[in-house]
Amino acid sequence: MKQQELIRLVLVALVFGLLALLPLIPANDRLMALAVPIAMYAVLATSWSLFSGPTHYISLATAAFYGVGAYTLANGLEVFSYPLLLLMAALLGGGLAALVGMTTLRLSGVYFVIFTLGLAELIRQLVTWYQNNFTGSRGSYVFTDITEAQIYWQLLGLLALVFLLGWLINRSRLGFAIRIIGNDELVARHSGINTARTKVLLFILSGAFAAVVGAVMAPRFVYVEPSMAFSPQLSFMVVVMALLGGVHRLWGPLLGVVPFAIVWELIAANFPGQTVLFMGLAFLVVVYFIPQGVAGVLEQQLHKIRQRRGG
Amino acid sequence: MVILLTGLFLGGIYALIAMGLSLQYGVARIMNLASGEMLVAGAFAGFWVYTAFSVSPYVALFFVVPLAFAFNWLIYNWLLLPLVRRAKNRGQLEVDSILATFGMSFVLVGVMLMAFGGSYFSYSWLARPIELLGSNYSQNRVLAFAVAAVICGGLYLLINRTRLGLSIRAVAVDPRAAGLVAIDVKKVAALTFALGGAVAAAGGTLLSTFLTFDASIGVVFTIKALVIVIMGGVGDIRGAIVAALALGLAETLVATLLDPGLTLAAAYLLFILILLFRPQGLFGRSAL
Amino acid sequence: MNKPTVLEVRNLTRRFGGLVAVNNISFDVHEHEVVGLIGPNGSGKTTTMNLISGALPPSSGEIWLGDTCISRLPARRIARSGVARTFQLVRMLPSLSILENVKAGAVFGHQQLWGSELDHHARRLLERVGVMHDPDAPTSSLTYIDQKRVELARALASNPRVLLLDEWLAGLNPTELQQGIELIADLRDEGRTILLVEHVMDAIRSLCDRCVVMSSGSKISEGGTEDVLSDAAVIEAYLGKDDE
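The rules behind each value
Residues numbered from 1 in each chain as written. Chains lettered and ligands numbered in written order. Predicted model: local features only at pLDDT ≥ 70, side-chain atom pairs only at ≥ 80, totals over all residues. Heavy atoms only, no water. Contact = heavy atoms within 4.5 Å. Buried area = accessible area lost by both parts, 1.4 Å probe. Salt bridge = Lys/Arg side-chain N within 4 Å of Asp/Glu carboxyl O. Polar contact = N/O pair within 3.5 Å; in protein donor to acceptor, adjacent residues only side chain to side chain. Helix = DSSP H or I, 4+ residues; strand = E, 2+ residues; numbered from the N terminus. Nonpolar A, V, L, I, M, F, W, Y, C, P; charged D, E, K, R; others polar. Buried < 20%, exposed > 50% of the residue type's maximum accessible area, 1.4 Å probe, protein only. Axes fitted to C-alpha atoms, helices over the stretch in contact; angles between N-to-C directions. Parallel < 35°, antiparallel > 145°, perpendicular 65-115°, else oblique. Left-handed = near helix turned anticlockwise from the far one by under 90°. Pairing = 2+ DSSP bridges. Phe/Tyr/Trp six-rings, centres within 6.5 Å; stacked < 30°, edge-to-face > 60°. Lys NZ or Arg CZ within 6 Å of the ring centre and 35° of its normal.

A. Spotlight on the interface of chain C and chain A. Contact with chain C, which involves 24 residues of that partner, is made by 17 residues of chain A. At the boundary of chain C with chain A, total buried surface from both sides reaches about 1,900 Å², with 63% on carbon and sulfur atoms. For chain C, the biggest contributors to the area lost against chain A are Arg76, Phe108 and Trp114 of chain C; these three give 33% of the whole. Taken together, the links from chain C to chain A amount to two salt bridges. In this structure, Arg179 of chain A engages Glu100 of chain C in a salt bridge whose closest nitrogen and oxygen atoms are separated by 3.2 Å. Linking chain C to chain A there are six residue pairs in polar contact (both at pLDDT 80 or more). Elements that contribute at least two residues to the side of chain C that touches chain A include exactly helix H2 (75–81) and helix H3 (98–103) of chain C. If you tally residues by element for the side of chain C that touches chain A, the top one is H2 of chain C, at four residues. For the side of chain C that touches chain A, the class distribution of residues is 12 nonpolar, five polar and seven charged.

What follows is the structure, given as structure tokens:
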């Protein structure tokens, strides 16, 4: 058992090492243009499912956290150092998640979805209003010497961190508690679990990751303005990718992110008007045909093959 | 006074839209996040009737309502009923129906984008002033409010005074017990869902007479309707009406005194206050 | 009775709107005692259980566990102070394995274990309640009585000071019922303190040292099981008044 885990760890490290070499391929502009969003969505979708996977609370707040992160970087760049800004983004994103969580997570799932659905839009309106009335400019420029490759490496690092944390959580009391809550909150409470705190804690974690991703991605925008930073579409992308991949396994969302992002880029390039339709169809496909995600389908097939071999 | 009446007029339409959603959630147990898109479809119908035939956009209601009713009936029976059947518990149905109606909402937006493009639409009809209590209001808003009030009243009578209304209320309280007293729960749920969709589309036609809209604006109205339903208490028509008027008022206040860009923020402020202090709704009794 | 009191219910009342579901109830449960909470349907027994376990807050009155007042605490704190319960309709955690279902009771509650200690503890308990199934299988593969056993094991896992059993024997067939009664009798013999809501008269007679009888929210009788069951008021509550 221990040896098996070690082998798995080495394998994962190897894959990450290989992926890290990607930017070294010469003349890689088009490759990187695909690799960066994939890496970004991989971090967002995996950290999203840390919370939403076991609890089934559908969070649409990703865009809000992401925007907060992007804004933290854009506005703080002249004052603070870059690593400090990433930390601040994490704290602000986590703080926002804590507020939202404490307001809504003691109530039922519907309230939570509705609240997060409008959260990005709410913050966008507030930021726009503030900028119109107090700063006079609609956005801010982000000039850094951070290259595309560096953004990619940072995202890859974040992904490794999410995986490490997710793995640790799954083995911890916190992970056990959240699984019990996802099954039956009443039983959880009567078993002595502080359900509200557990849920808020994991939501903070996923919020903090989304904010850091926003901060890391900000230099890529060059010009950060509200309607871009708080685009609600991002939240839906993350949800559909994670569910498509399967949220009951740590590696599940990845299986959704890679194919979806590639198809998405293809459609956006060739039929720019049809992306919304595609997104809608993807949602319907997930709900009606693969509710357990690609990971679930794979596991079922593996199980069948094993049974056939065994019996 | 101007703010009060303008807010009231807006709130009347919100009440109509929220009622549609409240029926769908309270009776059919489906949180329909594609409700805003039905509304936008109704708005396009009003626009089309007026610009193509130069007749009153209210004419559109005659085909919008039956069409939306039939369309939503089909959606319920084909797409949502399978989810109801496979759900092991209420929580799973909730998640499934949220995701499925999100999907439908995007598909509808996509189809409307294909059909009408991404630009903004508005038309000018009855944009003459009318004097009420010493100030001027545009006639189209006043009329829309009046029609909304009539439809709301009709719904209220339907639900509280008819046999069908009685079965709707019974299913809302307890679908299993309703089934035991020989109410066809599936049929009532499908009818109510269809009715809710028709109401939302009618609301859209009314809105189109005085509001600029585009293919993807639906989600804004979905959010507002949801906020109203929760503020009013799920399934509580009286609460929904009061909440809708409160929201219309709050939005008008914020738009006039602060900034028109902050209307959603106003809705959210109300929402947060309700969630913090009265999560069971304005008039709801505290849960058992 | 010189045994120390473990659970003390004082003037407990719970109203739902105008309905008084539990009306000014008081009783004690002593250490190593099995007390039956009985009465006709709708008399407020399950509500009382919900009030003790913290699923509902009481409208007034107090509940003491040893020298801690638990009546204002949230359910999780009550669980941690040593009250464990089963549910009227058995509640499994469907996506967890059988073993994990039992473990769930021993990590966050009155007794908090982890690692191999937790593993041994949970396996021992499964054996104790007589579940012979593969502990790593899903709970959906269990029969009804085995699910009830797993739920009992989960409640026992926290080593509670008081165990609340809400109609744990309901819905079992005669053979299973016999096994169930024996199991609870075993728990009594090993010194557990148990408060149980039950309708099965055989079980009440053979298991309970004392009974508290409720009717329409009020306590109408309390005492040794045989005495209580032959009490005229109790018979009347169950069977109705005998008008000559």
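B. The arrangement of unusual backbone geometry in detail. Despite not being glycine, Arg29 of chain B shows a phi value in the positive range, around 60°. Summarising the element assignment, Arg29 of chain B is placed in the loop between helix H1 (2–26) and helix H2 (35–53). What makes Arg29 of chain B buried here is its relative accessible area of 16%. One non-glycine residue, Asn159 of chain C, adopts positive backbone phi at about 50°.

C. Expanded view of the packing of helix H2 (residues 29–55) of chain A against helix H12 (residues 252–270) of chain A. All names here are of chain A. Running from amino to carboxyl end, H2 crosses H12 at an angle of 140°, the nearest separation of the two axes being 9 Å. Judged by the angle between their axes, H2 and H12 are oblique. Both H2 and H12 take part in a crossing whose hand is right-handed. Residue-level contacts link Leu34, Pro37, Ile38, Tyr41, Ala42, Ala45, Thr46 and Ser49 of H2 to Pro253, Leu254, Val257, Val258, Ala261, Ile262 and Glu265 of H12.

D. Structural detail: the pairing of strand S2 (residues 19–30) of chain C. Residue and element names in this part refer to chain C. Where strand S1 (residues 5–16) lies against S2, eight bridges are found, and the strand directions are antiparallel. Among the inter-strand pairings, Arg14 is bridged to a residue of S2, identified as Val22. Between S1 and the antiparallel strand that follows it, S2, lie two residues; Gly17 among them carries a positive phi value of about 60°.

E. Summary view of the sheet that holds S1 of chain C. Residue and element names in this part refer to chain C. Overall, antiparallel pairing links the four strands, which are arranged S2-S1-S4-S5 in an open sheet. The two strands at the open ends of the sheet, each matched to only one other strand, are S2 and strand S5 (68–69). Where strand S4 (residues 60–65) meets S5, two bridges bridge the pair, whose relative direction is antiparallel. Counterpart to Trp64 in the pairing with S5 is Cys69. Most of the contacts of helix H1 (residues 45–53) go to S1, to which it runs at about 115°, and overall it touches S1, S2 and S4.

F. Seen up close, the packing of aromatic side chains. Enumeration according to the criterion identifies 39 aromatic pairs over all chains in this entry. Note on Phe51 of chain A and Tyr57 of chain A: the rings are 6.1 Å apart at their centroids and 25° apart in plane angle, and the pair reads as stacked. An identical accessibility class is assigned to Phe51 of chain A and Tyr57 of chain A; each is buried. When the centroid spacing of 5.4 Å and the interplanar angle of 80° are considered together, the rings of Trp48 of chain B and Phe53 of chain B count as edge-to-face. Its end group placed over the ring of Trp167 of chain A, Arg171 of chain A keeps NZ or CZ at 4.8 Å from the ring centre.

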